[in-house]
Amino acid sequence: MPELVVTALLAPSRVTLKLLRALMWSLVFSAALVAAAVYGCVALTHVLCRPRRGCCGRPRRTPPACLSDPTLGEHCFLTLKSSGLRLHYVSAGRGNGPLMLFLHGFPENWFSWRYQLWEFQSRFHVVAVDLRGYGSSDAPRDVDCYTIDLLMADIQDVILGLGYSKCILVAHDWGAVLAWNFSIYYPSLVARMVVVSGAPMSVYQDYSIRHISQFFRSNYMFLFQLPWLPEKLLSMSDFQILKTVLTHRKSGISHLTPSELEAFLYDFSQPGGLTGSLNYYRNLFRNVPLEPQELTVPTLLLWGEKDPYLEQGLVGAIASRFVPGRLEAHILPGVGHWIPQSNPEEMHQYMWAFLQDLLD
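Going by an unreviewed UniProt entry, the protein carries the name Epoxide hydrolase 3 and comes from Suricata suricatta. Recorded under Sequence similarities (unreviewed entry), the UniProt text for the protein is reproduced unchanged: "Belongs to the AB hydrolase superfamily. Epoxide hydrolase family."

So this is what it looks like as structure tokens:
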């Protein structure tokens with residue numbers, strides 16, 4: 001068929017796709033403006049209630065002592081082959097077994113895996129990274145440096161750079177989003193996966209279109225599409241919005257000590273410390289609409305019944321994409337979003353049982 005004819009036949013589809021994208025972005029930025037108004041009021045209220053803290057975040061001069069706890073492992077840096085960026089990671093148990101690689105979420109860093117580093121270093125080589133843009137890892141400021149493809153290349157470079165051909169991938173929140181994608185495009189590098197509180201991007205897209213209530217639970221992601229304003233709002237009144245997210249009595253991390261809270265705020269309080277992590281969200285809608293993808297890597301999925309950000313219905317939606325027999329899913333009663341830190345004992349029990357055959 002002549003090329004001109006093919007182009008003519010495809011033209012209506014291309015125009016329709018462009019119109020759909022234009023409509024989507026208009027809706028996204030309309031939602032972003034509404035979210036900005038709401039979060040602006042919240043941030044202003046915090047400032048008025050705590051005027052001594054002022055309108056800016058207080059830069060922390062020294063990191064809290066818990067970040068240098070030697071029982072958690074050795075602090076190292078790895079230069080990535082694909083990008084040349086340096087990623088910081090904490091490593092323990094080298095030589096004790098397979099690589100167990102941990103990917104954190106927002107607003108966290110490698111320290112969110114402290115309980116798992118203690119628990120599994122006797123039988124695995126445990127490695128918790130600071131993803132690019134977080135903690136002591138390099139943090140390019142350009143939004144284009146945080147595309148899903150580049151972030152997946154980081155994970156590949158870490159696995160191969162540490163001298164392994166595959167790993168057990170353990171991920172939470174944003175780390176879970178990356179892990180799902182990585183297992184689809186690099187399945188040979190993943191022996192098993194443990195995913196906590198996070199859905200594949202295509203599953204989240206399709207589910208949210210049918211369940212608008214999920215968009216309301218994730219309203220913050222619309223705010224994060226805007227430039228500079230989210231950084232300003234999150235830092236006001238010495239990062240009170242982030243403090244509330246992490247320490248809220250019902251939806252925060254249980255038993256989080258002041259020192260552990262500072263372990264997360266320390267890097268965010270440095271100049272430009274929030275921009276890298278928010279750039280993950282600024283790339284979320286670039287590839288929409290996404291095609292459904294089959295999930296094949298053996299996976300343990302843990303979900304909190306009381307997760308304020310993600311609906312339980314996502315678990316069933318994820319299961320529908322799996323090859324039969326490859327998914328083991330558990331919804332933990334009365335549990336929220338921060339399972340690795342709030343409910344580590346339950347998580348460890350499920351993980352040991354799931355990984356037992358690898359150790360036999």
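## Quick word on the pattern of salt bridges
Considering all chains together, one arrives at eleven salt bridges under this definition. Here Arg 58 makes a salt bridge to Asp 238, at a shortest N to O gap of 3.8 Å. With a gap of 180 residues between them, Arg 58 in the loop between α1 (3-49) and β1 (74-79) and Asp 238 in helix α8 (residues 229-247) connect regions that are remote in the sequence. For Arg 60, the salt bridge goes to Asp 238, with nearest N and O atoms at 2.7 Å. In this pair, Arg 60 sits in the loop between α1 and β1 while Asp 238 sits in helix α8, placing the two residues 178 residues apart along the sequence. A relative accessible area of 5% places Arg 60 in the buried class. The class of Asp 238 is buried, set by a relative accessible area of 6%. Among the charged side chains, a salt-bridge network with shared partners connects Arg 58, Arg 60, Asp 238, Lys 243 and Glu 262.

## Comments concerning the UniProt feature "transmembrane region" (unreviewed entry) in the protein
UniProt's feature table lists "transmembrane region" (unreviewed entry) at residues 27-49, given in the numbering used throughout. Here residues 27-49 is 100% helix and 0% strand, with 33 Å between the C-alpha atoms at its ends.

## As for the UniProt feature "domain: AB hydrolase-1" (unreviewed entry) in the protein
UniProt feature "domain: AB hydrolase-1" (unreviewed entry): in the numbering of this structure it lies at residues 98-339. For residues 98-339, helix accounts for 41% and strand for 14%, while the C-alpha atoms at its two ends are 23 Å apart.

## Overview of the packing of α8 against helix α9 (residues 258-268)
Contact geometry for α8 and α9: axes closest at 11 Å, N-to-C directions at 150°. Between α8 and α9, the crossing angle belongs to the class labelled roughly antiparallel. The handedness of the crossing between α8 and α9 is right-handed. Packed against α8, whose contacting residues are Phe 239, Leu 242, Lys 243, Leu 246 and Thr 247, the element α9 presents Leu 261, Phe 264, Leu 265 and Phe 268 at the interface. Split by residue class, the contact of α8 with α9 holds seven nonpolar, one polar and one charged.

About the cut-offs
- Residues numbered from 1 in each chain as written.
- Predicted model: local features only at pLDDT ≥ 70, side-chain atom pairs only at ≥ 80, totals over all residues.
- Heavy atoms only, no water.
- UniProt positions renumbered as here; feature names shortened; annotations may be inferred.
- Salt bridge = Lys/Arg side-chain N within 4 Å of Asp/Glu carboxyl O.
- Helix = DSSP H or I, 4+ residues; strand = E, 2+ residues; numbered from the N terminus.
- Buried < 20%, exposed > 50% of the residue type's maximum accessible area, 1.4 Å probe, protein only.
- Axes fitted to C-alpha atoms, helices over the stretch in contact; angles between N-to-C directions.
- Parallel < 35°, antiparallel > 145°, perpendicular 65-115°, else oblique.
- Left-handed = near helix turned anticlockwise from the far one by under 90°.
- Contact = heavy atoms within 4.5 Å.
- Nonpolar A, V, L, I, M, F, W, Y, C, P; charged D, E, K, R; others polar.

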